[in-house]
Amino acid sequence: IDAINSKILKRAAWILKQQAFFQQFLPRIPERQFVSGETHYYLGRRYVLKIRDGNKNNVKLKGSELIVYTCVEPTLELIQSQLTSWYFLHALRIFDSKIENSLLLFTKYKIKKPDFEIRRMKNRWGSCTPNGKIILNPELIKASVTCIDYVIIHELCHLIYPNHSKEFYHLLSELCPTWQKLKIKLETTMRG
């Protein structure tokens, strides 16, 4: 098993490159129309979007439904704006909590809780700046909790190894043994 793991770690970059190449041929999630009946994700679960009249503009999660209440005529822009704000606020709270919890894995490294921000990125789920700030894509809030944990642990590993060296992947594998499966799950289920 150790020999197999060692070989996989040595070839990890090539394996991921090959997976990315073949993923481009898979069907994409259709462009969102923000209409009732459409499916949207939150923490890895699918929810049916419902648009309803309300006393004020807000969003609620009830059972298997993601309900957008509007007090005015619902437009695509209004529904999209409300959902974007709702996702952002939930991402802020959940990502902060996940960073706190993930830091417990790093106690022997004595790293402090990094600053983080949420920023839309076209091709990344997360990033770690040279000065140690973690940036997370708000779309990540649609992924499963285990995938969110993986991305955060990945970025926290960069506070120790600011590259994708063999040591980096060794630490990532130690702290998140299923990272390869989670990366594939994230890239194949959350594209769009």
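Residues numbered from 1 in each chain as written. Predicted model: local features only at pLDDT ≥ 70, side-chain atom pairs only at ≥ 80, totals over all residues. Heavy atoms only, no water.

Undergrad: I keep staring at the pattern of salt bridges and nothing clicks. Help me out?
TA: Opposite charge on two side chains lets them pair, provided their charged atoms get close. Under the definition given, this model contains 9 salt bridges. One salt bridge connects lysine 108 with glutamate 174, and the closest N-O pair in it is separated by 3.9 Å. On the criterion of sequence distance, the pair formed by lysine 108 in the loop between helix H3 (76-103) and strand S5 (116-118) and glutamate 174 in helix H5 (residues 166-175) is long-range, its members being 66 residues apart. Lysine 108 sits in the exposed class, given a relative accessible area of 60%. Through salt bridges with shared partners, a single network forms among Asp96, Glu100 and Lys113. (Salt bridge = Lys/Arg side-chain N within 4 Å of Asp/Glu carboxyl O. Helix = DSSP H or I, 4+ residues; strand = E, 2+ residues; numbered from the N terminus. Buried < 20%, exposed > 50% of the residue type's maximum accessible area, 1.4 Å probe, protein only.)

Undergrad: I keep staring at the pairing of strand S1 (residues 39-42) and nothing clicks. Help me out?
TA: The side chains of a regular strand alternate, first on one face of the sheet and then on the other. Burial of the side chains of S1 is restricted to one face: His40 and Tyr42 are buried, whereas none of Thr39 and Tyr41 on the reverse face is. Inspection of the sheet shows S1 paired to strand S2 (residues 45-53) by 4 bridges, in the antiparallel sense. Across the sheet, tyrosine 41 pairs through a bridge with arginine 46, a residue of S2. Counting the residues that bridge the hairpin from S1 to S2 gives 2 residues, and of these leucine 43 lies at a positive phi of roughly 50 degrees. (Pairing = 2+ DSSP bridges.)

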